[in-house]
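As a plain string of letters, each chain reads:
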Amino acid sequence: MSINGSNITINAAFLQEIKDNNLRLVELLKTLWKLCSVDDKRNLEPTKFSELINKLRDLLEMHFTLEDTLGYFDDPLQIIPVLCKEAKRLNGQHVELYLEINAIADQAEESLHLQVNGIIYTKLIKRFRKFHEALLKHESEEYDLIMIAYYEDAGFNADSLFIS
C-alpha cells in the first residue's frame, strides 16, 4: 500500500472526497465502538464482533487502497518539505493499521472455534479499542494534512501552519 517515492504529497480534493464519502466505514466504526463499550461479561457477543471486525478489515482495505491510489502520489511538481514529510508518514501508517486490524480479525475468528471465554474476548476488545484510537488519530491527522494542502494552494506557507 505504501508509496516508495522519496517525495510524497496528496491530492487534497480526492483524499477529502474519499473520506467524506465513506459513510459505511464511519457507521461500522460507530457500531463496533458501541459493541465494545459494554463491559458486562454477560453481554459478550463474540460472533457479532468477529463478523463486524471482518467487515471493517475489508472496508479499510478498500479505503486505504483508494487513498493510496487517488489521494497520495509521489514525485510532486512542487515540493513542500513539511507536506511531503507528513504525507509520507501518514501514508506509511496505512500498512501498519491494516496489519493490526487483520490480526484482530484473524484472532477474533480463531477464538470462535475455541471455547469462548471472557478473558480472550476482553483482550480482543482492548486491542480493538487501542486500534480504534490509532485509526481515529490517523484520520484526524490526514484531515489536518488536507487543510494544510488547501492553505498552501491558497498561497500560505505550510511551514507556518503545520502543527506537530
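Bear in mind that the values here come from a model prediction, so they are computed numbers and not experimental data.

A. Highlighting a nonpolar patch on the surface. A cluster of nonpolar residues, Phe14, Met62, Leu66 and Leu70, forms a patch on the protein surface that exposes about 350 Å² of accessible area. Sort the elements by how many residues they give to the nonpolar patch and helix 3 (residues 46-71) lands first, with three residues. Looking at the secondary structure, you find Leu66 in helix 3.

B. Quick peek at the nonpolar core. Among the nonpolar cores identified, the biggest contains 25 residues, and Phe49, Leu56 and Phe131 are the most heavily contacted of them. Every element with two or more residues in this core is listed here: helix 2 (23-36), helix 3, helix 4 (81-113) and helix 5 (118-153). The element best represented in this core is helix 3, accounting for seven residues.

C. Broad picture of the environment of Thr31. Tracing the sequence through the fold places Thr31 in helix 2. Put simply, Thr31 and Leu52 are 21 residues apart on the chain and 8.4 Å apart in space, counted from C-alpha to C-alpha.

D. Molecular detail of the packing of aromatic side chains. Enumeration according to the criterion identifies three aromatic pairs in this entry. Between Phe49 and Tyr121 the ring centres are 5.6 Å apart and the planes differ by 85 degrees, which places this aromatic pair in the edge-to-face class. Residue Phe49 is located in helix 3, and its partner Tyr121 is located in helix 5; the two are separated by 72 residues in the primary sequence. Residue classification places Phe49 among the buried residues on the basis of a relative accessible area of 0%. Consider the rings of Phe128 and Phe131, whose centres lie 6.4 Å apart with planes at 40 degrees: the pair is tilted. With Phe128 and Phe131 both in helix 5, this residue pair falls three residues apart, about one helical turn. Within the aromatic cluster, the residues linked to one another by ring pairs are Phe49, Tyr121, Phe128 and Phe131.

E. Geometry of the packing of helix 3 against helix 5. Here helix 3 crosses helix 5 at 25 degrees, and the two axes come no closer than 13 Å. Taken together, the axes of helix 3 and helix 5 lie roughly parallel to each other. Our pair here, helix 3 against helix 5, has a crossing hand that is left-handed. Two secondary-structure elements touch here, helix 3 through Pro46, Phe49, Ile53, Leu56, Leu60, His63, Phe64 and Glu67 and helix 5 through Tyr121, Leu124, Ile125, Phe128, Phe131, Leu135, His138, Glu139 and Glu142. Here the contact of helix 3 with helix 5 is built from residues that sort into twelve nonpolar, two polar and three charged.

Rules used in this analysis
- In every chain, residue numbers begin from 1 and rise along the written sequence.
- Per-residue local features are limited, in this predicted model, to residues with pLDDT of at least 70; the limit for side-chain atom pairs, both in listing and counting, is 80 or more; totals at the level of whole chains, interfaces and linings are taken over all residues.
- As a rule here, side-chain values cover all heavy atoms of the structure and leave hydrogens and water aside.
- Nonpolar side chains (Val, Leu, Ile, Met, Phe, Trp, Tyr) are joined into patches within 5 Å and like charges within 9 Å, using only residues with over 30% relative accessible area and no salt bridge.
- Shrake-Rupley sampling with a 1.4 Å probe provides the accessible areas, and residues are treated as covered by the protein chains on show and by no other component.
- Any Lys or Arg side-chain nitrogen located within 4 Å of an Asp or Glu carboxyl oxygen qualifies as a salt bridge.
- Helix and strand assignments come from DSSP, with helices taken as H or I runs of at least 4 residues and strands as E runs of at least 2, each series counted from the N terminus.
- To qualify as a nonpolar core, a set must consist of buried Ala, Val, Leu, Ile, Met, Phe, Trp, Tyr and Cys residues joined through side-chain atoms within 4.5 Å.
- Three labels apply to residues, based on accessible area from a 1.4 Å probe with only protein chains included: buried if under 20% of the type maximum, exposed if over 50%, partly exposed otherwise in between.
- Pairs were defined over the aromatic rings of Phe, Tyr and Trp, the Trp ring being its six-membered one, requiring ring centres within 6.5 Å. Orientation was assigned from the angle between planes: stacked under 30 degrees, edge-to-face over 60, tilted for the rest.
- Lines fitted to C-alpha atoms define the axes, with helix axes restricted to the stretch in contact, and inter-axis angles between N-to-C directions lie between 0 and 180 degrees.
- In these notes the angle categories are as follows: under 35 degrees is roughly parallel, over 145 is roughly antiparallel, 65 to 115 is roughly perpendicular, and the rest is oblique.
- Each crossing gets its handedness from the near helix: less than a right angle anticlockwise from the far helix is left-handed, clockwise is right-handed.
- Contacts are residue-level and defined by heavy atoms, with any inter-residue pair within 4.5 Å sufficient.
- Side-chain classes follow a simple rule in which Ala, Val, Leu, Ile, Met, Phe, Trp, Tyr, Cys and Pro form the nonpolar group, Asp, Glu, Lys and Arg form the charged group, and the remainder, Gly included, forms the polar group.

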